[in-house]
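Okay, here's what each chain looks like letter by letter:
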Amino acid sequence: MNKIVIKPKSNISGKVQLPSSKSYAQRALAIAGMSNNKVTINRLIESDDCVAAQNILKDLGAQFDRKGDAFILNRGIDFDSNRNISINCGESGLSTRLFSSFALLFEQDFTVNGQGSILKRTMEMVIHGLKQFGKNVQSNNGKLPITIGGKISEFNIEIDGSVSSQFLTGLLIVAPFLKSDTYISVKDLKSKPYIEMTIDLLNHYGLKVSNNDFASFQIQGNQRIEKEIVYDVEGDWSAASFHIVAAAIGGEVELSGLLENSKQGDKAILNAVELAGAKVLWKNNILSIKRDKIVSFEFDATECPDLFPPLVVLAAYANGKSVIKGVNRLKHKESNRGLTLQQECEKVGVKIELLVDKMIVHGIGKPILSDQIVFSSHNDHRIAMAMSLFSIGTQLSFTIEGANAIDKSYPNFYRDFLTL
Ligand SMILES: O=C(O)C1=C[C@@H](OP(=O)(O)O)[C@@H](O)[C@H](O)C1
Ligand SMILES: C=C(OP(=O)(O)O)C(=O)O
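Each value, and the rule that gives it
- Residues numbered from 1 in each chain as written.
- Chains lettered and ligands numbered in written order.
- Predicted model: local features only at pLDDT ≥ 70, side-chain atom pairs only at ≥ 80, totals over all residues.
- Heavy atoms only, no water.
- Helix = DSSP H or I, 4+ residues; strand = E, 2+ residues; numbered from the N terminus.
- Rg over C-alpha atoms; globule rule 2.2 N^0.38 Å.
- Buried < 20%, exposed > 50% of the residue type's maximum accessible area, 1.4 Å probe, protein only.
- Contact = heavy atoms within 4.5 Å.
- Pairing = 2+ DSSP bridges.
- Axes fitted to C-alpha atoms, helices over the stretch in contact; angles between N-to-C directions.
- 1 Å grid on protein atoms, 1.4 Å probe; cavity = no way out; pocket = protein on both sides within 12 Å on 5 of 7 lines; lining within 4 Å.
- Points joined across faces, edges and corners; volume = space filled by probe spheres on them.
- Nonpolar A, V, L, I, M, F, W, Y, C, P; charged D, E, K, R; others polar.
- Domains from an automatic or database assignment.
- Near = heavy atom within 4 Å.
- Polar contact = N/O pair within 3.5 Å; in protein donor to acceptor, adjacent residues only side chain to side chain.
- Areas by Shrake-Rupley, 256 points an atom, 1.4 Å probe, with all protein chains shown as cover.
- Sits in = over half its atoms within 2 Å of the grid points.
- UniProt positions renumbered as here; feature names shortened; annotations may be inferred.

Trainee: In this structure, what is going on with the overall build of the protein? I would like to understand it.
Mentor: When you go through the protein residue by residue, the secondary structure sums to twelve helices and 23 strands. In terms of overall dimensions, the protein is globule-like: its C-alpha atoms have a radius of gyration of 21 Å, near the 22 Å expected for 420 residues. Along the longest, intermediate and shortest principal axes, the C-alpha atoms of the protein span 60 × 45 × 40 Å. Counting all 420 residues of the protein, 58% fall into the buried class. A separation threshold of at least 6 residues defines the contact pool for the protein, and within that pool the share at least 24 residues apart is 74%.

Here it is as structure tokens:
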């Protein structure tokens, strides 16, 4: 049954080993597909998005084995195939926008499809970008499915980065393997840390791209992955953000598996919980978070939009107005997260105002639970995880409908959270 009952928790205390980063994992798989040598990716979890990326590699003719949590690529993508190609990207926005750019490596028809919420999310940035390369693109009114075909005739393009960085990630992964050098100028790029992660991983595979202050990128063509690669996927800061906020409002946690100097933008959650009054400490690669006071805060989440759901819960437990910037980034996620957070928080008496690019959360110290509460995840993993936190310091159980949404990024979330 796709619902869960969460019991009240008077206190948070315990240790969690974080799952590996779904953003790094999908990138590592995509770049591995370009290799003619063996690639081993360690610590790859079987979240839905990571499974989708592996299925795409299969659709593209790559061959690999799984041994425990390791992924071992034996043969990369079959670029010599001239049959028409069709990939299914599951519900992953990143895999959909990233692997669409792989159409640049083929001339035959390359169809991209998916399922669930991704069918409602815009693909305009992909369509517009691929057309500039001279490709023909047919879409379902700017959404999936899209079919891409034809030759590349242009290597100097301009894209808009204000809605999503994910297609640019795809272009940066594909461009080193094109026959000519590529120049990409980017207007108004958001989610920049995700582009740093892409470049970080390209460098790990021995590939080079030149970044001119996130405004343009120059990529030499005809590059190769010269040697065997081993890559260990680091822990997921976006997943960690829920346990970090749980501790900040309800007690303490010790988290392992995270890198202190990670390039993941979502490690900014530490700045937010410190602003709200929690204590943060690193010792021997273990991160400890301890509740102290909880005060309202102001935070700009424009570059780390996935932090909105846990930040809203943090703000709900502070007394008074917290301001979180970057709401425009939320429209095109698994749900329209500004609206879904507003709707779900209303159920516990927390009012949220959505202004032009700001959210104001009117925190009430302790959310009010009645015995009737049924949250909806809106089939959005981050909404399901965030609503679970409302069990902290309250007296009554509640239900989350659409609870399985967590499988997209963190299938063991409830197991881990319920041990705290
Ligand atoms: O590149 C990535 O791994 C991601 C980029 C972000 O999307 P946008 O670039 O669309 O903001 C983020 O919200 C998403 O969860 C993962
Ligand atoms: C928006 C997300 O992912 P994606 O865009 O890859 O579906 C997310 O994980 O919150």
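Trainee: Explain the sheet that holds strand β6 (residues 85-88) to me, please; I cannot follow it from the model alone.
Mentor: What holds strands together in a sheet is hydrogen bonding between their backbones, with the strands either parallel or antiparallel. Ordered by their spatial adjacency, four strands build an open sheet running β6-β7-β9-β8, and the pairing between neighbours is mixed. For this open sheet the edge positions go to β6 and β8 (136-140), each flanked by a neighbour on one side alone. Taking the axes of each pair of neighbouring strands and ignoring which way they run, one obtains an average angle of 15° across the sheet. Pairing analysis gives four bridges linking β8 to strand β9 (residues 143-149), with the strands arranged antiparallel. Each bridged residue has a counterpart across the sheet, and for V137 the counterpart in β9 is I148.

Trainee: When you look at the layout of surface pockets in this model, what are you seeing that I'm missing?
Mentor: A water-sized probe, rolled over the atoms, reveals where empty space remains. Taken as a whole, the largest pocket encloses approximately 650 Å³ of empty space. Taken together, 25 residues form the lining of the largest pocket, with F79, L105, F177, L178 and K179 sitting closest to its centre. When grouped by side-chain class, the residues that make up the lining of the largest pocket number eleven nonpolar, eight polar and six charged. Size it by volume and the second largest pocket reaches roughly 230 Å³. Lining the second largest pocket are 14 residues, with L18, P19, S20, I45 and N412 sitting closest to its centre. Grouping the amino acids of the lining of the second largest pocket by side-chain chemistry returns six nonpolar, three polar and five charged. In this structure, the lining of the second largest pocket is formed jointly by two domains, domain 1 (3-19 + 235-418) and domain 2 (22-232), each of which donates at least three residues.

Trainee: Help me out: how do you make sense of the site of ligand 1 in this one?
Mentor: In the neighbourhood of ligand 1, the contacting residues comprise S23, R27, L94, S164, S165, Q166, S191, Y194, P305, D306, R329 and K333. At 2.6 Å from an oxygen atom of ligand 1 is found a side-chain nitrogen or oxygen belonging to S23. One of the side-chain nitrogen or oxygen atoms of S191 is found 2.7 Å away from an oxygen atom of ligand 1. When the free accessible area of ligand 1 is taken as 380 Å², the share hidden by the protein chains comes to 96%. Put simply, ligand 1 lies in the largest cavity.

Trainee: Help me out: how do you make sense of the UniProt feature "binding site: phosphoenolpyruvate" (unreviewed entry) in the protein in this one?
Mentor: When the UniProt feature table is mapped onto this chain numbering, "binding site: phosphoenolpyruvate" (unreviewed entry) sits at K22, G93, R121, Q166, R337, R382 and K408. Considering only the residues just annotated, the largest cavity is lined by K22, G93, R121, Q166, R337, R382 and K408. With respect to the helices and strands, K22 occurs in helix α1 (residues 22-32). Ignoring anything within four residues of it in the chain, the contact list for K22 reads D49, C50, D236, H381, R382, K408 and S409. In this structure, R121 sits in the loop between β7 (110-113) and α4 (124-132). Using a relative accessible area of 6% as the deciding quantity, one classes R121 as buried. Beyond its immediate sequence surroundings of up to four residues, R121 is in contact with E91, G93, R97, K143, H332, K333 and E334.

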